[in-house]
Amino acid sequence: MLSQGRIKDLIGSNTFAYVLLVFFCTALITISPVNAGENATTAQHNYDDWEGPDYCGPSCHNDIYQQWKQSMMSQSYTHSWDEIEYFKLAVPHAEKDEVVAEVKAGCNGCHSPMSFLVGDIPPPRPEENSRANDGVHCDFCHTITGYDGELPFNFNYVTAPGETKYGPRDNSESPDHETLKSDFLGSADFCGICHNEKDPYGVWVKSTQLEWKEGPYAAQGVGCHDCHMTNAEAYTASMGEKYKDARQHLFHGAHDPGKVRGTIELRIHPDVNEAKPGESVKFTVALFNQKAGHKFPTGSVEDRILWLHVEAIDVAGNVYHLPVDKKGFEGEEYTIGSDVLAYQDMGIALNDPNFKGVQRDGIPIGDRIFRMPYFDPQGRMTIQQWNTKSLGVDYRLGPLETRLETFSFVLPDNIEPGKMKITATLNYQLLVKPVADFLGVPEEESAIMEVNSHSTYLAVLP
Ligand code: HEC
Ligand code: HEC
Ligand code: HEC
Ligand code: HEC
């Protein structure tokens, strides 16, 4: 998919032409046809083709800059887990395995797009403070004019770095650069360029924009921007006007516990109000995806783990863990916490062909997991999305979907009579903990985030 020829195609595309009103900083009104793609074709790219975020930010667009700086978008190259995965796993793997050789360059197409276009591969390590560290930055996004191909994916952007910055308005004036209105930046397709990814085996390993497109929000006209770049009344530049609908560059997602919290609403209820020791009670949990415009988890699905834990506590304080009732669908074993090893393909990059793997889940055995497993060419679960040959059952929670799970519990003979409390908790980790620990990824990446919880009660009769 990302073969050399393909990459050249991507760079050398020339499809989008915009003919729009251009307002120059001097307020000179010129009508000028701009063929954005043409610049992209002929340009021999150089880091200096793009202004750095420190140039755009503090002096003119300070609030936007501060928001962007706090978002993952500004850390797309420097973030520790990205550095570890790229340098420890992806690069060595790409150097050993022809099939995935292209990712050595390709990862940067989205994570450090300037380095990719400049051909600075692999880019210097983050500690070297090179321009690669700018990641997905202001001038990179604001000089994208379209994408090449039928679907936006795999960094198939058409770029036209230069004096003209594309944005949402046709009446903005800047003393620094030209501005041109582009509806493209306001579309979900724009985000899809990097938020949809096909790996070297042709598998869709990231499909946030595609999930959104087939879901209820696209039909209602609620786009990515409405949840991740919300509008507020604000100035967008120090010398500019105040707008009622100024785009906030929040880009808050899975790394913002506040964004993740409440994504799923959940409630638990028993099928009876009282029971005696030895009797069976069935608890039903309803999980409603009220907040995400796509599936949850989305994006780096291979890394994420979202699981439902149910516990009962009797009046004496004894705690009982309730495993989920099996439904019997194909591939269900990947959706229930188990004591098994996985991720053996990390051994390729780590020069340990007999690597036994690490624990697959690192969560309580028997808990329900909402995930889609990724499998390597040998059929083993992998967190290396570039080494994914097939996908397993998609048991993630779709936008506005409600899923029911049941937990049957035979009250133990020695259970204390009185009011028993049963709590369902939905937990989330950005990266499965055994992998994070094995690779030395900082704790915050595997810290447990509580998405939601709810309790119900049962009267235990003597
Ligand atoms: C990931 C891509 C991306 C990055 C990075 C990015 N922007 Fe934007 N920016 C957008 C999009 C998308 C819009 C809104 C387009 C629309 O609504 O049609 C926007 C809007 C704007 C606007 C106009 C806001 C308005 O409502 O009039 C300004 C000014 C702006 N960005 C400046 C910046 C600056 C400065 C930075 C860096 C600190 C930056 N952007 C980083 C994508 C980006
Ligand atoms: C040029 C590529 C590119 C474009 C275009 C782009 N993104 Fe991203 N985005 C990334 C990368 C790479 C990351 C991952 C940063 C990391 O964790 O390494 C990211 C991260 C994010 C995150 C944070 C996710 C988290 O884990 O917290 C959100 C939210 C997001 N993008 C939304 C958007 C939206 C909305 C748009 C369109 C307006 C967009 N992106 C356009 C490349 C892009
Ligand atoms: C209705 C609101 C809504 C819409 C529309 C929406 N999102 Fe999200 N998005 C969320 C919420 C809530 C989360 C946090 C929970 C999660 O990770 O899914 C999130 C998370 C994310 C993440 C982080 C996922 C991860 O695991 O790191 C990315 C990236 C993202 N969204 C991109 C997009 C893109 C691109 C679009 C448009 C194609 C979009 N979102 C549309 C609400 C929305
Ligand atoms: C098509 C664009 C694209 C390509 C190619 C790509 N990524 Fe990403 N990557 C993203 C986006 C977008 C996100 C954020 C998705 C999300 O929030 O879940 C991301 C997230 C990640 C994360 C998780 C960040 C976190 O903190 O959770 C890691 C690590 C990562 N990428 C590494 C890589 C490596 C290594 C490669 C090459 C083998 C690669 N990526 C190729 C777009 C891409």
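Residues numbered from 1 in each chain as written. Chains lettered and ligands numbered in written order. Predicted model: local features only at pLDDT ≥ 70, side-chain atom pairs only at ≥ 80, totals over all residues.

A short note on the site of ligand 3
In step 1: Taken together, the neighbourhood of ligand 3 is formed by 27 residues, with Cys-224, Cys-227, Gly-253, Ala-254 and Gly-293 sitting nearest.
In step 2: Mapped onto the shell around ligand 3, the elements with two or more residues apiece are α9 (188–195), α10 (208–213), α12 (224–228) and α13 (257–260).
In step 3: When residues of the shell around ligand 3 are assigned to their parent elements, the largest contribution, 4 residues, is made by α12.
In step 4: Here the shell around ligand 3 is built from residues that sort into 12 nonpolar, 11 polar and 4 charged.
In step 5: Mapped onto the domain boundaries, the shell around ligand 3 takes at least three residues apiece from domain 1 (4–247) and domain 2 (263–460). (Near = placed C-beta within 6 Å. Helix = DSSP H or I, 4+ residues; strand = E, 2+ residues; numbered from the N terminus. Nonpolar A, V, L, I, M, F, W, Y, C, P; charged D, E, K, R; others polar. Domains from an automatic or database assignment.)

A look at the sheet that holds strand β21 (residues 402–410)
In step 1: Across the sheet, which stays open at both edges, the 3 strands sit in the order β11-β13-β21 with antiparallel pairing between neighbours. At either end of the open sheet lies a strand with only one pairing partner, and these are β11 (264–270) and β21. The average undirected angle you get between the axes of adjacent strands in this sheet is 20°.
In step 2: Alignment of β11 against strand β13 (residues 280–289), held across 7 bridges, turns out to be antiparallel. Directly across from Pro-270, in β13, lies its bridge partner Phe-283. (Pairing = 2+ DSSP bridges. Axes fitted to C-alpha atoms, helices over the stretch in contact; angles between N-to-C directions.)

A short note on the site of ligand 1
In step 1: Ligand 1 sits among 27 residues. The nearest are His-61, Cys-138, Cys-141, Pro-168 and Gly-186.
In step 2: In terms of residue class, the shell around ligand 1 is made up of 16 nonpolar, 9 polar and 2 charged.

Digging into the packing of helix α3 (residues 53–60) against helix α4 (residues 62–70)
In step 1: Look at α3 against α4: their axes get within 6 Å of each other, and the N-to-C directions meet at 125°. Put simply, α3 runs oblique to α4. Here Pro-53, Cys-56, Gly-57 and Pro-58 of α3 lie close against α4, whose contacting residues are Asn-62, Tyr-65 and Trp-68.
In step 2: The residue inventory of the contact of α3 with α4, partitioned by class, reads 5 nonpolar, 2 polar and no charged. (Parallel < 35°, antiparallel > 145°, perpendicular 65-115°, else oblique. Contact = placed C-beta atoms within 7 Å.)

Some words on the nonpolar core
In step 1: Judged by nonpolar contacts, the single largest core of 61 residues is most densely connected at Phe-283, Leu-306 and Val-310.
In step 2: Here this core takes 6 residues from strand β14 (residues 305–313), the largest share from any one element.
In step 3: Among the domains, domain 1 (4–247) and domain 2 (263–460) are the pair contributing at least three residues each to this core.
In step 4: Apart from residues lying up to four places away in sequence, Val-310 is in contact with Phe-283, Val-285, Leu-322, Phe-407, Ile-422 and Ala-424.
In step 5: Core analysis: the next-biggest nonpolar cluster, separate from the first, contains 28 residues, Cys-138, Tyr-157, Phe-190 and Trp-212 among them. (Core = buried A, V, L, I, M, F, W, Y, C linked by C-beta atoms within 7 Å. Buried ≥ 20, exposed ≤ 12 C-beta atoms within 10 Å, placed from the backbone.)

As for α4
In step 1: Within α4 the residues assigned to the buried category are Ile-64, Tyr-65 and Trp-68. Here the buried residues of α4 occupy an arc of 100° about the axis, which is enough to place them on one side.
In step 2: Buried residues in α4 make contact with α3 and α8 (138–141). (Arc of directions from axis to C-beta.)

Side note on the pairing of β13
In step 1: Burial along β13 is one-sided: Val-281, Phe-283, Val-285, Leu-287 and Asn-289 are buried, and none of Ser-280, Lys-282, Thr-284, Ala-286 and Phe-288, which face the opposite way, are.
In step 2: In the sheet, β13 pairs with β21 via 9 bridges, with the strands oriented antiparallel. Looking at β21, one finds that Leu-287 is bridged to Arg-403.

Quick notes on the environment of Ser-338
In step 1: For Ser-338, the position within the fold is in the loop between β15 (319–322) and β16 (341–342).
In step 2: The spacing of Ser-338 and Leu-250 is 88 residues in sequence and 37 Å in space, taken between C-alpha atoms.
In step 3: Setting aside residues up to four positions removed in sequence, Ser-338 forms contacts with Glu-333, Arg-360, Asp-361 and Ile-365.

Examining the packing of helix α5 (residues 80–96) against helix α6 (residues 103–111)
In step 1: Between α5 and α6, whose axes approach to 9 Å, the crossing angle comes to 150°. Taken together, the axes of α5 and α6 lie roughly antiparallel to each other. Side by side, α5 and α6 meet where Asp-82, Tyr-86, Ala-90, Val-91, Ala-94 and Glu-95 of the first sit next to Val-103, Lys-104, Cys-107 and His-111 of the second.
In step 2: Residues belonging to the contact of α5 with α6 are distributed by class as follows: 6 nonpolar, 1 polar and 3 charged.

Focus on the environment of Gln-209
In step 1: Mapped onto the elements of the fold, Gln-209 is located in helix α10.
In step 2: Under the C-beta neighbour-count criterion, Gln-209 is labelled buried, with 26 such atoms within 10 Å.
In step 3: Sequence separation between Gln-209 and Asp-413 is 204 residues, and the spatial gap between their C-alpha atoms is 52 Å.
In step 4: Among all residues touching Gln-209, those that are not within four sequence positions of it are Pro-152, Ala-188, Cys-191, Gly-192, His-195 and Asn-196.

Considering the domain arrangement of the chain
In step 1: Partitioning the chain into structural domains gives domain 1 (4–247) and domain 2 (263–460).
In step 2: Distance between the C-alpha centres of domain 1 and domain 2: 35 Å.
In step 3: Counting from both sides, the interface comprises 28 residues of domain 1 and, opposite them, 26 residues of domain 2.
In step 4: A total of 9 residues in the side of domain 1 that touches domain 2 trace back to one element, the largest contributor, which is α5.
In step 5: Along the lines of polarity and charge, the residues of the side of domain 1 that touches domain 2 split into 17 nonpolar, 5 polar and 6 charged.

What to know about the confidence of the model for the chain
In step 1: The share of residues in the chain with pLDDT of 70 or more is 90%, and the mean pLDDT across the chain is 91.
In step 2: Taken together, the stretch residues 1–43 has pLDDT below 50 and engages in 78 contacts with residues farther than four places along the chain or on a different chain. (pLDDT = per-residue confidence, 0-100.)

Quick notes on α9
In step 1: For α9, the tally of buried residues reaches 7 of 8 residues, placing the bulk of the element in the interior.
In step 2: All of the buried residues in α9 are Ala-188, Phe-190, Cys-191, Gly-192, Ile-193, Cys-194 and His-195.

A short note on unusual backbone geometry
In step 1: Note the cis peptide between Ile-121 and Pro-122, where omega equals -15°.
In step 2: Examined against the element boundaries, Pro-122 turns out to sit in the loop between α7 (113–118) and α8.
In step 3: Here the residue pair Phe-296 and Pro-297 is connected by a cis peptide bond, since its omega of 0° sits within 30 degrees of zero.
In step 4: For Pro-297, the position within the fold is in the loop between β13 and β14.
In step 5: Within the chain, Asn-154 stands out as a residue other than glycine whose phi angle is a positive 45°.
In step 6: Looking at the secondary structure, you find Asn-154 in the loop between β3 (144–147) and β4 (157–159).

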